[in-house]
Each structure stands twice: as structure tokens, then as C-alpha cells.
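Observations on chain architecture
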Amino acid sequence: MAKEKASFKEFLSAVAPEHQAFVEKLNTKLIEQGCVLVIKEAKSGYAASYQLEKKTVMNSSLYNFFKKRYRTGSFDV
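So, a few notes on the structure that sits alongside this text. Bear in mind the structure is a predicted one, so any value in this text is a computation, not a measurement.

Per the counting criterion, the structure on display carries two aromatic pairs. With a centroid separation of 6.2 Å and 45° between ring planes, the pair formed by F8 and F11 is classed as tilted. Residue F8 and its partner F11 are located together in helix 1 (residues 8–13), separated by three residues, close to a single helical turn. Judged by relative accessible area, F11 falls into the buried class, the value being 13%.

As C-alpha cells, then:
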């Protein structure tokens, strides 16, 4: 599979329904801060990262970290 850029809507459709609201909130906050979202297709689904001034400030691994905190109530977007 060739790695192609995907849309946020496609990426969001691959997120579990119970986490979609969190992902949308996090996306909005990062975009408001001036980040650029880069989504690419990968073998296991999508690889997403947010870049600010050409430096990655959030990626799929960090997303999983924040998702766990959000679920337990120790982090709020």
C-alpha cells in the first residue's frame, strides 16, 4: 500500500466511537495553537502527527498517552 495523505474525517472514522469526541477536542485545541495535522495511511491504519514550526509536537504514541489520562479523568482537553 502506498502511503498517501488522508483526511481528518477518514482518520476519525478509524477511531473507536467512544474516543471520537476526545480526538475532535484535541484536534481543535492543537489546530488553534497553530499546529499542522499530517495524516498518512500506514499498514495498521493511520499515522497522525501534529507539527508546529516543522517540529512534531504530537503523534499517535502521545495520543495514546493522553487518551489513557482523559479516560481516567486525570487530563482534560
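Mapped onto the secondary structure, E10 falls in helix 1. Between the C-alpha atom of E10 and that of E41, which follows or precedes it by 31 residues, the distance is 10.0 Å.

Pairing in this open sheet of three strands is antiparallel, and the strands run 1-2-3 from one edge to the other. Only two strands of the sheet have a single partner each, and these edge strands are strand 1 (36–42) and strand 3 (55–59). Shown here is a sheet whose adjacent strand axes are inclined to one another by a mean of 35°, direction ignored. In terms of strand pairing, strand 2 (residues 45–52) meets strand 3 through four bridges, oriented antiparallel. Following the sheet pairing, S49 is matched in strand 3 by N59. Taken strand by strand, helix 2 (residues 20–32) contacts strand 1, strand 2 and strand 3, and its axis lies near 30° from that of strand 2.

Our next topic: the side chain of S49. On the secondary structure map, S49 appears in strand 2. The class for S49 is buried, based on a relative accessible area of 15%. Dropping the residues within four chain positions of it, S49 is found in contact with V36, L37, V38, T56, M58 and N59.

With that out of the way, let us pick up the pairing of strand 1. Inspection of the sheet shows strand 1 paired to strand 2 by seven bridges, in the antiparallel sense. By the bridge assignment for strand 2, V38 is matched with S49. Linkage of strand 1 to strand 2, two consecutive antiparallel strands, is achieved through a turn of two residues.

What counts, and where the lines are drawn
- Residues numbered from 1 in each chain as written.
- Predicted model: local features only at pLDDT ≥ 70, side-chain atom pairs only at ≥ 80, totals over all residues.
- Heavy atoms only, no water.
- Phe/Tyr/Trp six-rings, centres within 6.5 Å; stacked < 30°, edge-to-face > 60°.
- Helix = DSSP H or I, 4+ residues; strand = E, 2+ residues; numbered from the N terminus.
- Buried < 20%, exposed > 50% of the residue type's maximum accessible area, 1.4 Å probe, protein only.
- Pairing = 2+ DSSP bridges.
- Axes fitted to C-alpha atoms, helices over the stretch in contact; angles between N-to-C directions.
- Contact = heavy atoms within 4.5 Å.

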